[in-house]
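Descriptive analysis of the structure
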Amino acid sequence: MDLIIKNGTVVTATDTVKADVAVRDGKIVAIGADLPLDGAKVVDAAGKLVLPGALDVHTHLAMPFGGTTSADGYFAGTRAAACGGVTTVFDYPMQRKGMTIKQVIDSKKAICEKEACIDYAYHCIITDLNDGAILDEMESAVASGITSFKCFFVYKKEGMMVDDGVFARLLLKAKEVGAMLNLHAENPDLIDYNVEKFLAEGKTSAWYHYLSRPEYVEAEADKRAVHWAKHLEAPLYLVHMADKEGLEAAIEAKKENSNIYIETCPQYLEFTSDVYKRDDGRNFVCSPPIKGQESQDALWKAIKNGGIDVVATDHCPFQSHEKDWGINDFTKIPNGCAGIENLYPYMLSAANQGKLSYNQVVALCASNPAKIFGCADKGSIAVGKDADIVIYDPSIDFTISVDNMHSDYDHTIWEGIQVKGYPVQTYSRGRLVYDHGDFVGQPGWGNFVKREKRA
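Before going into details, it helps to say that this report is about the structure given with it. Worth saying up front: this structure is predicted, and the values here are computed from it rather than measured.

Read from one edge to the other, the open sheet built from three strands follows the order β6-β9-β10, with strand pairing classed as parallel. Of all strands in the sheet, those bounded by a partner on one side alone are β6 (54-59) and β10 (119-122). Between one strand axis and the next, the sheet turns through 25 degrees on average, direction left out of account. Bridging between β6 and strand β9 (residues 86-91) involves four bridges; their strand directions are parallel. Along β9, the bridge assignment pairs leucine 55 with threonine 88.

The following block contains the structure:
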């Protein structure tokens, strides 16, 4: 053995058991009591939980948006992820008109091979079918391990939006080739109408970002998306679900199409739209915006009863001076917030405080995303899986601050939030990459995760 983690409590999506975990050549090779030490490095996890590393399946690293680029590149973003117990990140590279999927992915791989500190995968954003060439390429992309694609119902002016016809064609092609289509669902025409109206009235604060994209604007698009997925019998993954009405419609649709999946994000679980009334409300601007209390309550209810499948972050932070571009015009605020280092600690703290079980957190943040997106070697503490392991101390009191995070941004919406319990070590394929507050990994360690196609 290379490593044995002794005396901890192993938590999976289904079980909680006192056991030792043995690692060799980056894999979990044994789980049990009194495993032979064999000269292995021994880590005592008494009083701590031994968890699978989380998969943050929704991040935007080094993403151009709103006249700038998101603050975390592939090194900083994966470094921060490791320090929060995330051992696999999924990024969203964007295809533009004339680009092939392979060109998009290869350009990102070239950077990640040098910079990524943990393992990584991609969902390719499709913005243009290139006269059908993209549809033809999707099968070969799946064969190369890219088994999910994304499209937007919004960002028309930015050239990112697809219409219902393109969406339906992508749904059907994804179904045919064993892939998943992910969707950002909001109604673009209602947003444009509201924005034009508010600007004409001189209503320009961050509060009007929320009012331009309120609950019903997201709900309509959610309902439209699940309508097509249900009737076309195609798999669909709804990203960053934030509203009660759309959530309930998606949960209902799952009864007729079990291949509809729902993701939400920690910011929707912690904050409400009231943050947009604050003096620093622009820092919370993301799309879809954070919604009202009724929606937050519905999200937590669905978290607890299994209606939501995944919690991921939509990590896309910008520097404070860039957020300040929109002090007097909410349309100029780059959309996005931090979260990659806060995902697992936040959800585990909720379990620590009794809002849900640790097993549910593992399901939401590790085993479900691994299963949904075909990461066969990830998502659980089990023999044969990659040794992506987090040791979590439930007794630690931790206050989140920009000063103790490991990203390249200069502020965080999580400033001052207190969590109960915190990761003390993170292992990526058996290698220690985070140790009691310090990043100890290295750029280039991360491997590309070639994912299995959907059956």
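That covers the picture; the talk isn't over yet.
Turning our attention to helix α12 (residues 343-352). Within α12, nine of the 10 residues are buried, leaving the element largely enclosed by the surrounding structure. Those residues of α12 lying buried are Leu343, Tyr344, Pro345, Tyr346, Met347, Leu348, Ser349, Ala350 and Ala351. Just beyond α12, the residue with positive phi is glycine 354, at close to 90 degrees.

Before going further, it helps to spend a moment on the environment of leucine 37. By secondary structure assignment, the location of leucine 37 is in the loop between β3 (27-32) and β4 (41-44). With 36 residues separating them in the primary sequence, leucine 37 and methionine 1 have C-alpha atoms 7.1 Å apart. Apart from the residues within four sequence positions on either side, leucine 37 is in contact with Ile4, Lys6 and Val42.

The subject of this paragraph is the sheet that holds strand β12 (residues 148-152). Taken in spatial order, the six strands line up as β11-β12-β13-β14-β15-β16 in an open sheet, and their pairing is parallel. A single partner strand is all that each edge strand has here, and the edge strands are β11 (124-125) and β16 (310-311). Pairing geometry for strand β14 (residues 236-238) and strand β15 (residues 260-264), over three bridges, is parallel. Bridging from a neighbouring strand, leucine 236 pairs with isoleucine 260 of β15.

Take the nonpolar core next. Phe149, Phe167, Tyr344 and Met347 are the most contacted members of the largest nonpolar core, which has 141 residues in total. Examining the composition of this core, we find that eight residues originate from one element, helix α13 (residues 358-372), more than from any other. By size, the runner-up hydrophobic cluster in this structure holds 17 residues, among which are Val10, Ile28, Ala45 and Val50.

Bringing the packing of helix α8 (residues 244-254) against helix α10 (residues 293-305) into the picture now. A pair of packed helices is characterised by two quantities: the angle between their axes and the separation of those axes. The contact between α8 and α10 brings their axes to 8 Å, and the two run at 30 degrees. Viewed along their axes, α8 and α10 adopt a mutual orientation that is roughly parallel. Seen from α8, the contacting residues are Lys244, Leu247 and Ile251; seen from α10, they are Glu294, Ser295, Ala298, Leu299 and Ala302. Of the residues contributing to the contact of α8 with α10, the split by class is five nonpolar, one polar and two charged.

Cut-offs applied
Residues numbered from 1 in each chain as written. Predicted model: local features only at pLDDT ≥ 70, side-chain atom pairs only at ≥ 80, totals over all residues. Heavy atoms only, no water. Pairing = 2+ DSSP bridges. Helix = DSSP H or I, 4+ residues; strand = E, 2+ residues; numbered from the N terminus. Axes fitted to C-alpha atoms, helices over the stretch in contact; angles between N-to-C directions. Buried < 20%, exposed > 50% of the residue type's maximum accessible area, 1.4 Å probe, protein only. Contact = heavy atoms within 4.5 Å. Core = buried A, V, L, I, M, F, W, Y, C linked by side-chain atoms within 4.5 Å. Parallel < 35°, antiparallel > 145°, perpendicular 65-115°, else oblique. Nonpolar A, V, L, I, M, F, W, Y, C, P; charged D, E, K, R; others polar.

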